[in-house]
Amino acid sequence: MTGVRVPRRLTAALALALLAASPARADFEAGWEAYQRGDFAAALAAWRPLAAAGDARATYNLGVLYDEGKGVVRDDAKAVELWRHAADKGFAPAQHNLANSLIAGDGVAADYREALAWMHRAADQGLARSQYTLGKMYAYGLGVARDPAQAVGWIRKAADSGDVRAQYNLGKMHRDGEGVARDLGQSASWFRRAAERGYAQAQAALARRYAAGEGVARDPVQAMMWTVLAARQGLERADAQRRSFAAQMSPDDIAQAEKLADRWRPRP
Amino acid sequence: MAPPPRQWAGKSGLPDVHRRIVLALIAVLAAVFGAPSAAADTVAHGVASQHIKKLGEEAIASLRTPGLALEAREARLRKLLVEGFDMAFIGRFVLGRHWRTASPDQQSEYMQAFSEYILKVYSSRLGGYAGETLAVVSERPAGDKDMIVNTRIERPSGPPIEAAWRVRVADNDPRIIDIAVSGVSMAVTQRDEFASVLQRNSLNGLIERLRARTDKMAASR
C-alpha cells in the first residue's frame with residue numbers, strides 16, 4: 001500500500017472535527033429536550049452556537065423559534081435569513097419554509113417565482129409537503145404558467161408518500177377530470193385513504209360518494225358515518241350534510257352509523 | 001399581484017396581544033374544565049357541554065403530562081380549540097363584507113385556511129404555559145344570545161391580565177366567539193388586519209397567504 005500523504009494540518013483538523021462531533025450532537029440534543037419541555041430560551045441558547053458554526057439543522061430550528069416567537073420576540077425577517085442559510089446548505093425543511101415565507105410575504109417581499117424554485121428543490125429531495133405545495137402552485141399558476149399535468153404529477157408523488165391533503169386533492173382531480181382522466185373509482189379510493197387517516201375534508205367527500213353511489217356502492221349508513229366523523233371535527237359543511245342525510249334515513253340506520261363513528265379510529 | 005404589506009395578520013405590534021390571549025385561553029380552559037367554578041355552572045350544562053368538558057379535562061391533563069412531546073401537546077390543544085370555539089362564526093365575522101361576495105368554493109377554502117391559521121397561531125404558543133391561574137370575576141349577558149365572562153389571570157411572570165370571554169350558547173352547545181384582553185377584541189383586531197390585506201390583494205391572495213403560513217414545518221431533530 002503506497003498510502004496517501006495527508007497534510008498534518010488536515011489530519012489535525014479531522015481529529016478536531018471528530019472530537020467536536022459528539023459534543024455538538026449532545027448540545028443539539030440538549031436543545032431539543034429543552035424545546036420539548038417548552039423551555040425555548042434554553043433551546044435557543046443550545047442551538048445558537050451550533051448555528052454559528054454552520055450546523056444547518058440548528059440554523060433551521062432557530063428560524064422556527066424566530067418565526068413562532070418562541071423564546072424570542074417574533075421576527076419574520078430573521079427567520080427568513082436563517083432559513084436562507086440552511087436552505088443554501090441543502091436542508092429541505094428550510095427550503096420549504098423559505099418558499100412559504102416568499103409566498104406569504106412574511107419577513108421578505110412576496111416573490112412567487114423564487115418561492116417556486118425553492119419549493120422545487122425541497123420537492124426534488126422527496127419532501128411530501130413540498131411536493132404537494134408545488135403541485136398546487138402549478139395548479140394555480142403561481143410563479144409559473146398553469147400546468148394541470150405537472151400539478152397532478154407532483155400531487156400524486158405527495159399522495160403516494162402519505163400526505164393526506166394531497167390524497168384528498170387527487171380524489172378531487174380524479175372526480176373532476178382535472179389534469180387527469182375522470183375516474184370515480186380512483187377518486188373514491190383516494191378520498192378513502194385520506195379519510196381513514198382522519199382528514200375531515202376527505203371524510204365529508206367520501207360520505208358524498210357513498211350517498212350518491214359514485215365510485216362505490218351506494219350505502220347510506222357508511223355515508224352517515226363518514227359525515228358524522230367530519231362534523232365532529234368541526235367541519236361546517238359536513239354538519240349541514242349530516243342533517244340532510246338524516247332527513248332521509250330511519251332512526252335505526254342513523255343510530256347504527258353513529259355507533260360505527262364512535263368505534264372508528266384513525267389509521268396511523 | 002401587488003406585494004403584500006410586510007407585516008400582516010397578527011404580526012405588527014401584536015405578538016404581545018396574541019401571547020396574552022393564549023395565556024388567557026390556557027388559564028380559562030384550566031378553570032372552566034379543570035375545576036368547578038361559576039363559569040362552568042352557567043355556561044356548561046347539558047349533554048353537548050359535557051362532551052366539551054370531557055375534552056377539556058383531557059387537554060388539561062395532557063398539559064400537565066410530563067414527557068408528552070410538544071407537538072402532541074399542541075395537537076391536543078388544537079382539538080380542544082375546535083370543540084370550544086365557533087370557528088365558522090369567527091371566520092365569517094373576520095372576513096366582514098368580503099364573505100358575502102365570495103363564491104361558495106372560496107368560502108369553503110377560506111374557512112379551511114382560516115381555522116388552520118388560528119389553530120396554528122394558538123396551539124404553537126402552548127409551550128409558554130407556566131402555571132397561570134384564572135379566576136372568574138363576574139359574568140353578564142350580552143344581547144340575547146351571549147354571555148360575557150370576565151376573568152383575571154394571575155401569572156408568576158408578570159402583572160395579572162384581564163380577559164373577557166364572549167360565549168354564545170345555542171342548542172346547549174356553548175362556543176367561544178371572541179376574547180378581549182384589556183378591552184382589545186381578538187376578532188376585531190384580526191378583521192382590521194385582513195381588511196388591510198384585502199385592500200391590496202384578492203381574496204384568493206389572502207387565502208394563499210394564510211395557507212403558506214400554516215404550511216411551514218416545525219423544528220426538526
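Everything quoted here is computed from the prediction, not taken from an experiment. (Residues numbered from 1 in each chain as written. Chains lettered and ligands numbered in written order. Predicted model: local features only at pLDDT ≥ 70, side-chain atom pairs only at ≥ 80, totals over all residues.)

Engineer: Explain helix 4 (residues 70-84) of chain B to me, and be specific about the residues and the numbers.
Structural biologist: An ideal rise of 1.5 Å per residue puts 21 Å on 15 residues; helix 4 of chain B measures up with 21 Å between its terminal C-alpha atoms. Those residues of helix 4 of chain B lying buried are Arg73(B), Arg76(B), Leu77(B), Arg78(B), Leu80(B), Leu81(B), Glu83(B) and Gly84(B). (Helix = DSSP H or I, 4+ residues; strand = E, 2+ residues; numbered from the N terminus. Expected span 1.5 Å × (residues − 1). Buried ≥ 20, exposed ≤ 12 C-beta atoms within 10 Å, placed from the backbone.)

Engineer: Describe the packing of helix 5 (residues 92-104) of chain A against helix 6 (residues 112-124) of chain A, listing the residues and the values that go with them.
Structural biologist: All names here are of chain A. Packing of helix 5 against helix 6 brings their axes to within 8 Å, and their N-to-C directions diverge by 160°. Between helix 5 and helix 6, the crossing angle belongs to the class labelled roughly antiparallel. Handedness of the helix 5/helix 6 crossing: left-handed. Residues Ala92, Gln95, His96, Leu98, Ala99, Leu102 and Ile103 of helix 5 form the contact with helix 6, whose participating residues are Tyr112, Glu114, Ala115, Trp118, Met119, Arg121 and Ala122. (Axes fitted to C-alpha atoms, helices over the stretch in contact; angles between N-to-C directions. Parallel < 35°, antiparallel > 145°, perpendicular 65-115°, else oblique. Left-handed = near helix turned anticlockwise from the far one by under 90°. Contact = placed C-beta atoms within 7 Å.)

Engineer: An account of the confidence of the model for chain B is needed here, citing residue identities and associated values.
Structural biologist: Where the model shows low pLDDT, its predicted coordinates should not be examined in detail. Residues and elements named next belong to chain B. Across chain B, the average pLDDT comes to 72, with 64% of residues at 70 or higher. When mean pLDDT is taken per element in chain B, helix 6 (residues 98-101) scores highest with 94 and helix 2 (residues 38-43) scores lowest with 41. Long-range and interchain partners of residues 1-15, a stretch whose pLDDT sits below 50, account for 32 contacts in this model, where long-range means more than four residues apart. Contacts for the low-pLDDT stretch residues 32-49, under 50 throughout, to residues beyond four places or in other chains number 34 contacts. Scored by ipTM, the complex comes to 0.80, with pTM at 0.78. (pLDDT = per-residue confidence, 0-100.)

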